[in-house]
Amino acid sequence: MSSNTTLTVDNKAVELAVNEGTIGPSVIDISKLYAQTGMFTYDPGFTSTAATESKITYIDGDKGVLLYRGYPIDQLAEHGDFLETCYLLLYGELPTAAQKADFDYRVTRHTMVHDQMNRFFTGFRRDAHPMAIMVACVGALSAFYHDSTDISDPHQRMIASMRMIAKMPTLAAMAYKYSIGQPFVYPQNDLDYTSNFLRMCFAVPAEEYKVNPVLSRALDRIFILHADHEQNASTSTVRLAGSSGANPFACIAAGIACLWGPAHGGANEAALKMLEEIGTPDRIPEFIARAKDKNDPFRLMGFGHRVYKNYDPRAKIMQKTTHEVLSELGIKDDPLLDVAMELEQIALKDDYFIEKKLYPNIDFYSGITLKAMGFPTSMFTVLFAVARTVGWIAQWSEMIEDPSQRIGRPRQLYTGPTERQYVTVAQRG
Ligand code: SDX
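An account of the accompanying structure is given in this report. Owing to the predicted nature of the structure, the values given are computational and were not obtained by experimental measurement.

Reading the values: the criteria
Residues numbered from 1 in each chain as written. Predicted model: local features only at pLDDT ≥ 70, side-chain atom pairs only at ≥ 80, totals over all residues. Heavy atoms only, no water. Helix = DSSP H or I, 4+ residues; strand = E, 2+ residues; numbered from the N terminus. Rg over C-alpha atoms; globule rule 2.2 N^0.38 Å. Contact = heavy atoms within 4.5 Å. Areas by Shrake-Rupley, 256 points an atom, 1.4 Å probe, with all protein chains shown as cover. Lys, Arg positive; Asp, Glu negative; His and termini not counted. Charge placed at Lys NZ, Arg CZ, Asp CG, Glu CD. Buried < 20%, exposed > 50% of the residue type's maximum accessible area, 1.4 Å probe, protein only. Near = heavy atom within 4 Å. Polar contact = N/O pair within 3.5 Å; in protein donor to acceptor, adjacent residues only side chain to side chain. Nonpolar A, V, L, I, M, F, W, Y, C, P; charged D, E, K, R; others polar. Core = buried A, V, L, I, M, F, W, Y, C linked by side-chain atoms within 4.5 Å. Expected span 1.5 Å × (residues − 1). Axes fitted to C-alpha atoms, helices over the stretch in contact; angles between N-to-C directions. Parallel < 35°, antiparallel > 145°, perpendicular 65-115°, else oblique. Left-handed = near helix turned anticlockwise from the far one by under 90°. Pairing = 2+ DSSP bridges.

Tallying secondary structure elements over the protein gives 18 helices and 6 strands in all. By the compact-globule yardstick of 22 Å for 429 residues, the protein fits well, its C-alpha radius of gyration being 23 Å. When its C-alpha atoms are laid out on the principal axes, the protein stretches across 75 × 65 × 55 Å. Put simply, 70% of the contacts in the protein that link residues at least 6 apart link residues at least 24 apart. By element, 54% of the accessible surface of the protein is carried by carbon and sulfur atoms, the whole surface being about 21,500 Å². With 42 positive and 50 negative side-chain charges, the protein shows a separation of 5 Å between the mean positions of the two kinds.

Take the side chain of Ser216 next. Assignment of secondary structure puts Ser216 in helix H9 (residues 213-226). Taking relative accessible area as the criterion, Ser216 reaches 6% and is therefore assigned buried. Setting aside anything within four residues of it in sequence, one finds Ser216 in contact with Asp192, Thr194, Ser195, Leu198 and Val211.

Before going further, it helps to spend a moment on the site of the ligand. By nearness alone, 24 residues border the ligand, and His229, Leu300, His305, Arg306 and Arg314 come closest of all. In this structure, an oxygen atom belonging to the ligand sits 2.8 Å away from a side-chain N or O atom of Lys294. Expressed as a share of its isolated accessible area of 1,000 Å², the protein-covered part of the ligand is 77%. The residue makeup of the shell around the ligand, split by class, is 10 nonpolar, 7 polar and 7 charged.

Let us now look at the nonpolar core. The biggest cluster of nonpolar side chains holds 116 residues, and the ones touching the most others in it are Phe82, Leu171, Leu343 and Phe375. Beyond its immediate chain neighbours, meaning those up to four positions away, Phe82 contacts Tyr193, Asp220, Phe223, Ile224, Ala227, Val386, Ala387 and Val390.

Now for helix H14 (residues 313-328). In a regular helix each residue adds 1.5 Å, so 16 residues correspond to 22 Å; H14 covers 23 Å between its end C-alpha atoms and thus fits that length. Among the residues of H14, Pro313, Arg314, Ala315, Ile317, Met318, Thr321, Thr322, Val325 and Leu326 are the ones counted as buried. On its buried face, H14 sits against strand E5 (65-68), helix H2 (73-79), H9, helix H15 (335-349), helix H17 (362-373) and helix H18 (380-400). Remark: Gly330 follows H14 within two positions and exhibits a positive phi of approximately 70°.

Before going further, it helps to examine the packing of helix H12 (residues 267-278) against H18. Following both chains from N to C, one finds H12 and H18 inclined at 150°, their axes separated by 7 Å at the closest point. As the angle between them shows, H12 and H18 are arranged roughly antiparallel. Handedness of the crossing formed by H12 with H18: right-handed. Judged by residue contacts, Asn268, Glu269 and Leu272 of H12 engage Phe380, Thr381 and Phe384 from H18. Tallied by class, the residues present in the contact of H12 with H18 amount to 3 nonpolar, 2 polar and 1 charged.

Moving on, we get to the sheet that holds strand E3 (residues 27-28). If you walk across this open sheet you meet the 3 strands as E1-E2-E3, and the pairing is antiparallel. Unpaired on one side and paired on the other, strand E1 (2-9) and E3 mark the two borders of the sheet. Where E1 and strand E2 (residues 12-19) come together, 8 bridges link them in antiparallel fashion. Residue pairing for E2: Thr6 is matched across the bridge by Glu15.

Here the focus is the environment of Asp296. Note on placement: Asp296 falls in the loop between helix H13 (284-292) and H14. With relative accessibility at 17%, the residue Asp296 sits in the buried group. Looking at Asp296, its side chain comes within polar contact range of the main-chain nitrogen of Phe298, at 2.8 Å.

Honestly, that's just the spatial picture; any functional story needs more than this.
This is the structure we're talking about:
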């Protein structure tokens, strides 16, 4: 449904269409504004800008709501598994039993990578950050899978999507194994997606590896929580890269690069390092003071969100999962968890955080859980990338299938020098 609104620019009335979504804020269509007024809108950071129309994920930041294709995140995390969520995000509906079995079968049989991919790893230092390896290796997939890089072919797009979802855990496990000098472990088709990933990470040739079903279920739920999140920075990166017609592997590599930043997916690694730096609850006030100090760039990692001005619904489920994992592993008093829970209590009562609506986000608890599972801090954002790949792919597909899709090309407010004439070096004094 749409209506109109009027904007007055230089005493000239400009009619702009207002379009309504099914839920959430309406949008003012400014696509003709420059032609009508010779002016651009200005919104660095896109705090008030809808860059696209989408039917995939809805977030209500004030109510702490997150829906994947209309289904609340807590119900999907409670009752479903990650591959069911992948199917839902990609195709828009929950799968029937037959559709789920077929989807699981297809993903499972794309989990191996071309064996020459192994050679990339020997080119890296053992202490290379695994996110650097993932950016490189995922981009390099386009050097191997030429039969699924033609984005105009729906069949090739589907194969590329399957390959991305299926191969990310394999590459992630290889990056981890390489960093600890252990041999790569190949995927095993009789294991479910997340159990397969745990085995590729933690099995060694010297003995049988038994997947802990509680840990596998917990990690599968963590993947569900991280699967998609509307037009966040890395998803917007994938969409912008895809708008030029770049192949899906290159677009996902761009998304991984963006996710790496500590303000985005890198926050789970940064949050755990912050908890380790705080060390004990008695040092919390010192760090709270630093977070409030305008002259100190320090921020409480794992706190705050551009959209959630109420509790991140994923953080609640993450906290519950943390307790489940620690109890399954018999970890009674994790000092990091003590610091995290004390920090959360103090921050949620502090006027600064209340006024700025800063609540724990999904990254606040995820690091404690992943560390307890045996993952090094450097692997936390890699796990986020494994989960978010399906969101990137679903959003990329939605964009490619949109007949009105054009290359993304923002403009600017220019405040640099006006035209001036070249002077030779002799004249420059
Ligand atoms: C993710 O977009 C997504 O959906 C992302 C994500 C996803 O699933 O894709 O949800 C995943 O990236 C979660 C966010 C993880 N990042 C962190 O935890 C890093 C710490 N948080 C911040 O850097 C910050 O809160 C952001 C980046 C998350 C949001 O930044 P905004 O919306 O641009 O807010 P801002 O930086 O303008 O901050 C508003 C105010 C500022 O104070 P003033 O300048 O108004 O005085 O709040 C302050 C900030 O200084 N502030 C914080 C703070 N976060 C914001 N102060 C202390 N600690 C913090 N964590």
